[in-house]
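Working through the structure, step by step
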Amino acid sequence: MSAYPPPLPGGTWTMGDLTVTRFGYGAMQLAGPWVMGPPADHDGAIAVLREAVDLGITHIDTSDAYGPHITNRLIREALHPYPEGLHVVTKVGARRDAQGGWPTARRPEELRRQVEENLESLGRETLDLVNLRLGDAQGPQAGSIAEAFETLVDLQKQGVIRHLGVSNATAEQVTEAQGIAPIVCVQNMYNLAHRGDDELIDRLAAEGVAYVPFFPLGGFSPLQSSVLSAVAARLGAAPMSVALAWLLHRSPNILLIPGTSSVAHLRENVVGAGLPLSDEDLAALEGIGRG
């Protein structure tokens, strides 16, 4: 009989003084369609969050923009008072409009208000880690981040934020942030088919900084590749399982936060990420994003 819960793949990583499982959970999908409004199955959403903790996951990613306010409130309802060792990571720098868009919100007063809202909705006096979301819905955009990042540094000095990171950032913006204050993670889009951050990942690994890929399975457009499908067929596994396992193999500083609104799917993701990949498998997968 197999043990339950299964061991989490990838072990752990330390961000500042936060030790987290490399296999984490992203809460975005707990909101309604297109990340707006409440979930269709409220009790199911609560069950997923509690299952994540029961599985041993200690890294939950969220934002008060999801819903908006929905996922943070669900996290608080499901998990507060938070178990020792569980770390909730949030982000600021964008809001939602009535059309479901993601307009930027990075003026100092906007960032301070978003931090206050996250503290309130999560029921925390201090936020474990706050990522500054940069760019826009189309991706990273060049430009100085000094004013926005310095605002978060000031809040960190006040004691309401423990650690800082950046999201949707260019490599130059990562460097700029590091010149202002230490960061413990970068959260950018990256997966088998989108490999633009390869050099950045390697640099951050050498510096001991975590890299957290969002849309690890392609996001709203799931990954599709004949090579991926062939490797998955050879292993008797789902293509998405292979894609998650590859990310854990790619670099030790990569932390996974795949999202789901299903307990069964959460369990499948855990098992899938632990899929063993041979040198032959890795060599075949390596070419997908480099064509």
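All values reported here derive from a predicted model rather than from experimental measurement.

Strand 9 (residues 210–214) sits mainly inside the fold: five of its five residues count as buried. Neither face of strand 9 is open: one carries Ala 210, Val 212 and Phe 214, the other Tyr 211 and Pro 213, and all of them are buried. Inspection of the sheet shows strand 8 (residues 185–189) paired to strand 9 by five bridges, in the parallel sense. Each residue of the ladder has a partner; that of Val 186, found in strand 9, is Tyr 211. Since strand 8 and strand 9 lie parallel, the crossover through helix 6 (residues 198–207) that links them has a hand, and here it is right-handed.

Enumeration over the complete set of coordinates arrives at 15 salt bridges. A salt bridge links Arg 162 to Asp 17; the shortest N-O distance between them is 3.0 Å. Of this pair, Arg 162 sits in strand 7 (residues 161–167) while Asp 17 sits in the loop between strand 1 (12–15) and strand 2 (18–21), and the two are 145 residues apart along the sequence. One salt-bridge network, in which partners are shared between bridges, spans Arg 195, Asp 198, Asp 202, Arg 250 and Glu 286.

Right, let's get into the environment of Ala 169. Its location among the elements puts Ala 169 in the loop between strand 7 and helix 5 (171–180). The exposure class of Ala 169 is buried, given its relative accessible area of 3%. Once you skip the residues sitting within four places of it in the chain, Ala 169 turns out to touch Leu 134, Pro 140, Val 174 and Asn 188.

Take the sheet that holds strand 7 next. If you walk across this open sheet you meet the seven strands as 3-4-5-6-7-8-9, and the pairing is parallel. Bordering the open sheet on either side are strand 3 (25–26) and strand 9, each of which pairs with just one other strand. Pairing between strand 4 (residues 59–61) and strand 5 (residues 87–92): three bridges, direction parallel. When the sheet's bridge partners are listed, His 59 is paired in strand 5 with His 87.

This part covers the side chain of Asp 197. Here Asp 197 shows up in the loop between strand 8 and helix 6. Within the buried core, Asp 197 has no salt-bridge partner, and the shortest N-O distance to an opposite charge, that of Arg 203, equals 9.3 Å. Not counting residues within four places of it along the chain, the set of residues in contact with Asp 197 comprises Asn 188, Met 189, Tyr 190 and Tyr 211.

Moving on, we come to helix 1 (residues 42–54). Between the first and last C-alpha of helix 1 there are 19 Å, a value that for 13 residues agrees with the 18 Å anticipated at 1.5 Å per step. Within the span of helix 1, buried status applies to Gly 44, Ala 45, Ile 46, Val 48, Leu 49, Glu 51 and Ala 52. N-capping of helix 1 is provided by Asp 41, with a side-chain oxygen placed 3.4 Å from the backbone N of Asp 43. A positive phi of about 100° marks Gly 56, the residue just after helix 1.

Following the sequence through the fold, Trp 246 ends up in helix 8 (residues 239–250). With a relative accessible area of 2%, Trp 246 lands in the buried category. Taking the C-alpha atoms as reference points, Trp 246 and Asp 197, 49 residues apart in sequence, are found 15 Å from one another. Residues within four places of Trp 246 in sequence aside, it is in contact with Tyr 190, Asn 191, Leu 192, Arg 195, Leu 277, Leu 282, Leu 285 and Glu 286.

Counting 75 residues, the largest nonpolar core has Tyr 25, Leu 49, Ile 75, Val 115, Phe 149, Leu 152 and Val 166 as the members making the most contacts within it. Sort the elements by how many residues they give to this core and helix 8 lands first, with seven residues. Setting aside residues up to four positions removed in sequence, Leu 152 forms contacts with Val 92, Leu 111, Val 115, Val 130, Leu 132, Ile 161 and Leu 164. Trp 13, Leu 129, Cys 185 and Val 212 belong to the second largest nonpolar core, which has 12 residues in total.

Quick notes on the rules
Residues numbered from 1 in each chain as written. Predicted model: local features only at pLDDT ≥ 70, side-chain atom pairs only at ≥ 80, totals over all residues. Heavy atoms only, no water. Buried < 20%, exposed > 50% of the residue type's maximum accessible area, 1.4 Å probe, protein only. Helix = DSSP H or I, 4+ residues; strand = E, 2+ residues; numbered from the N terminus. Pairing = 2+ DSSP bridges. Right-handed = clockwise from strand over helix to strand, strands pointing away. Salt bridge = Lys/Arg side-chain N within 4 Å of Asp/Glu carboxyl O. Contact = heavy atoms within 4.5 Å. Lys, Arg positive; Asp, Glu negative; His and termini not counted. Expected span 1.5 Å × (residues − 1). Polar contact = N/O pair within 3.5 Å; in protein donor to acceptor, adjacent residues only side chain to side chain. Core = buried A, V, L, I, M, F, W, Y, C linked by side-chain atoms within 4.5 Å.

That is the geometry; function is a separate question.
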